[in-house]
Amino acid sequence: MLSDAYRPEVDLVPAPGKNHKVLGRLSLPERTFVADALRTETVGGVLLLAAAIAALIWANTPIRESYESVRDFHVGPASLGLDLSIEHWAADGLLAVFFFVAGIELKRELVAGDLRDSRAAALPVVAALCGMAVPALVYTLVNVTGGGSFDGWAVPTATDIAFALAVLAVIGTSLPSALRAFLLTLAVVDDLFAILIIAVFFTENLNFAALGGAVLGLAVFWLLLHKGVRGWYVYVPLALVIWGLMYNSGVHATIAGVAMGLMLRCTTRKDEGEQHSPGERIEHLVRPLSAGLAVPLFALFSAGVAVSGGALGEVFTRPETLGVVLGLVVGKAVGIFGGTWLTARFTRASLSDDLAWPDVFAVSSLAGIGFTVSLLIGELAFDGDQALTDEVKAAVLMGSLIAAVLSGVLLKIRNAKYRRLWEDEERDEDLDGIPDIYEQDNPAYHLRMAEIHERKAAEHRRLAEVTGGASEENDGPA
């Protein structure tokens, strides 16, 4: 988590009257938080990538029947309405943990991060909205012209931050912290709207008794938090009850996860000597579980689709699957880039001097990696049609792969520039633990640097005298 010295509660918004830089350098507290969060997500992304590859191998070898047997194996108490397949436990149960972390991230952004101020929030919110609207529009247009089903319009709207970071780790690009933070904030806003889409468009046959019980459970959860009650042995059983009731209500069970995440307090109480908020502490504990276990297991039991030359060819011929691919590859890049450009064009914001618009497009194309939430929405959108569901999953995999390759090439082209920016951000010549670039207005820093340079100069003078004396001795008579 964050070091005690640097908190994200400091003002991250430019002073009034100053021209706000789009994708400008982060404040030190925000940069520290982003680095910590992305470190865990990157490790999780690599595990996610490995799980997806394992699922594809397992489902496309002679032992594929064992994959289907494990995936479709049912376990759980039928009397509680929870006799679910392993695949459903992964999608409805484990992903609730993923959305719980997403809820905490969103809460932190709203109260202590970039989204707490309307001026700072405008860019990522507009970019994320355009990055969801344009892929949905692309999918709709493809299916209007091709006579396909409109049910999958939401499939290409999601961004998978963990998978995107895994791609960055694999290609080894030194992406500046501002671009990484932009990608992370995009994903947080993206997750929020994905949750709303799931709740509004994929809820059928409501069980109002179970829904009422879930709401009551959430109220008790909030009350316990408000009263300062502590102890995992209180909250974990209560969370499981809330999740079970939410599942039986007909509302997707992941909504319970994000609701509980949003209830956590993400600000510190200075008068009580708090160094970390409850939300930060719990996120620090749960994020590795989400990124390292929940999401990879979901990928293992969702990404295992049969892939053949003919099946891949159909991805580009069937309107539903083609709409997903184009939505992820074209819609995401155009939507996010267009939203960012429009925000800069019609507000007082301007692009950071260290970056160029091709950098924004490269990151926008990276957001075309949909995977986790796209797979989930694909299962919900075409529930009951297993063949089409598998084809849409293949389209998600294909679209995410194309987006990863495209963004990887674009980012590699500018990697030398990124590496210089990253080195500037990391340089700490006075060894005080704070990058020098954040201390340019601190007189104490310049005094420390003067002392350092003076010591170096004295050492060079001493070496020059020693070398000079040795040279004079060598020049004497033999």
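Conventions adopted
Residues numbered from 1 in each chain as written. Predicted model: local features only at pLDDT ≥ 70, side-chain atom pairs only at ≥ 80, totals over all residues. Heavy atoms only, no water. Helix = DSSP H or I, 4+ residues; strand = E, 2+ residues; numbered from the N terminus. Buried < 20%, exposed > 50% of the residue type's maximum accessible area, 1.4 Å probe, protein only. Areas by Shrake-Rupley, 256 points an atom, 1.4 Å probe, with all protein chains shown as cover. Phe/Tyr/Trp six-rings, centres within 6.5 Å; stacked < 30°, edge-to-face > 60°. Core = buried A, V, L, I, M, F, W, Y, C linked by side-chain atoms within 4.5 Å. Salt bridge = Lys/Arg side-chain N within 4 Å of Asp/Glu carboxyl O. Axes fitted to C-alpha atoms, helices over the stretch in contact; angles between N-to-C directions. Parallel < 35°, antiparallel > 145°, perpendicular 65-115°, else oblique. Contact = heavy atoms within 4.5 Å. Nonpolar A, V, L, I, M, F, W, Y, C, P; charged D, E, K, R; others polar. Expected span 1.5 Å × (residues − 1). Arc of directions from axis to C-beta. Polar contact = N/O pair within 3.5 Å; in protein donor to acceptor, adjacent residues only side chain to side chain. pLDDT = per-residue confidence, 0-100.

A look at the overall build of the chain
The helix and strand inventory of the chain stands at 17 helices and four strands. Here the chain holds 478 residues, and the buried ones make up 49% of them. Counting only carbon and sulfur atoms, one obtains 64% of the accessible surface of the chain, whose full area is about 21900 Å².

Brief notes about the packing of aromatic side chains
Per the counting criterion, the structure on display carries nine aromatic pairs. Ring centres 5.5 Å apart and planes at 20° place the aromatic pair W89 and W243 in the stacked group. Of the two residues, W89 is situated in helix α3 (residues 86-111) and W243 in helix α8 (residues 232-249); the sequence distance between them amounts to 154 residues. Take W89: its relative accessible area is 25%, and that puts it in the partly exposed class. Seen from their ring centres, F337 and W357 are 5.8 Å apart, and the 80° between their planes marks the pair as edge-to-face. In this pair, F337 is assigned in helix α12 (residues 319-346) and W357 in helix α13 (residues 357-366), connecting sequence segments 20 residues apart. Note on W357: relative accessible area 24%, which makes it partly exposed. Three or more aromatic residues joined by ring pairs make a cluster, and in this case those are W89, W243 and Y247.

Some remarks on the environment of S149
Locating S149 in the fold gives a position in the loop between α4 (118-146) and α5 (161-171). In sequence terms S149 and F382 are 233 residues apart; their C-alpha atoms lie 9.5 Å from each other.

So, unusual backbone geometry
The backbone phi angle of F371 is positive, close to 40°, even though this residue is not glycine. With respect to the element layout, F371 can be found in helix α14 (residues 371-381). The class of F371 is buried, set by a relative accessible area of 1%.

Let's talk about the nonpolar core
F99, M260, V324, L366, I369, F371 and L411 are the most contacted members of the largest nonpolar core, which totals 101 residues. No other element matches helix α6 (residues 177-201), which puts 12 residues into this core. L82, L84, A96 and W243 belong to the second largest nonpolar core, which has five residues in total.

Points about the environment of W222
Position of W222 relative to the elements: it lies in helix α7 (residues 208-226). W222 sits 42 residues away from L264 along the chain, and the two C-alpha atoms are 8.1 Å apart.

Considerations on the pattern of salt bridges
In the structure shown here, the tally under the stated rule is 12 salt bridges. Where D72 meets R71, a salt bridge forms, and the shortest distance between an N and an O atom there is 3.3 Å. We classify R71 as buried; its relative accessible area is 10%. The salt bridge involving R318 is made with E320; its shortest N-O contact spans 3.1 Å. Through salt bridges with shared partners, a single network forms among R71, D72, E87, E379 and K393.

Observations concerning the packing of helix α2 (residues 64-72) against helix α10 (residues 278-302)
Two numbers describe a pair of packed helices, the interaxial angle and the distance between the axes. Relative orientation of the contacting elements α2 and α10 amounts to 125°, with a least axis distance of 10 Å. The orientation of α2 relative to α10 falls into the category oblique. On the side of α2, the interface is formed by Y67, V70 and R71, while α10 contributes L300, F301 and S302. Within the contact of α2 with α10, the residues separate by chemical class into four nonpolar, one polar and one charged.

A word on helix α16 (residues 415-426)
When the terminal C-alpha atoms of α16 are compared, their 16 Å separation across 12 residues agrees well with the 16 Å that a helix rising 1.5 Å per residue should span. Those residues of α16 not exposed but buried are N415, Y418, L421 and E425. Buried residues of α16 fall within an arc of 120° about the axis and therefore sit on the same side.

Let's talk about the side chain of S400
On the secondary structure map, S400 appears in helix α15 (residues 386-413). A polar contact is formed between the side chain of S400 and the backbone oxygen of V396, at a distance of 2.8 Å. The contact partners of S400, leaving out residues within four places of it in the chain, are L328, G368, I369, G370 and F371.

Focus on the side chain of E87
Structurally, the position occupied by E87 is in helix α3. In this structure the side chain of E87 is engaged in a polar contact, spanning 3.2 Å, whose partner is the side chain of K393. Once residues lying within four places of it in the same chain are set aside, the contact partners of E87 are R71, D72, F301, E379 and K393.

Considering the confidence of the model for the chain
For the chain, the average pLDDT comes to 82, and 86% of its residues sit at 70 or higher. Low pLDDT (under 50) marks residues 1-19, which in the prediction has 54 contacts with non-local residues, meaning those over four places away or in another chain.

Overview of the environment of L192
Assignment of secondary structure puts L192 in helix α6. Along the chain, L192 and G103 lie 89 residues apart, while their C-alpha atoms are 7.9 Å from each other.

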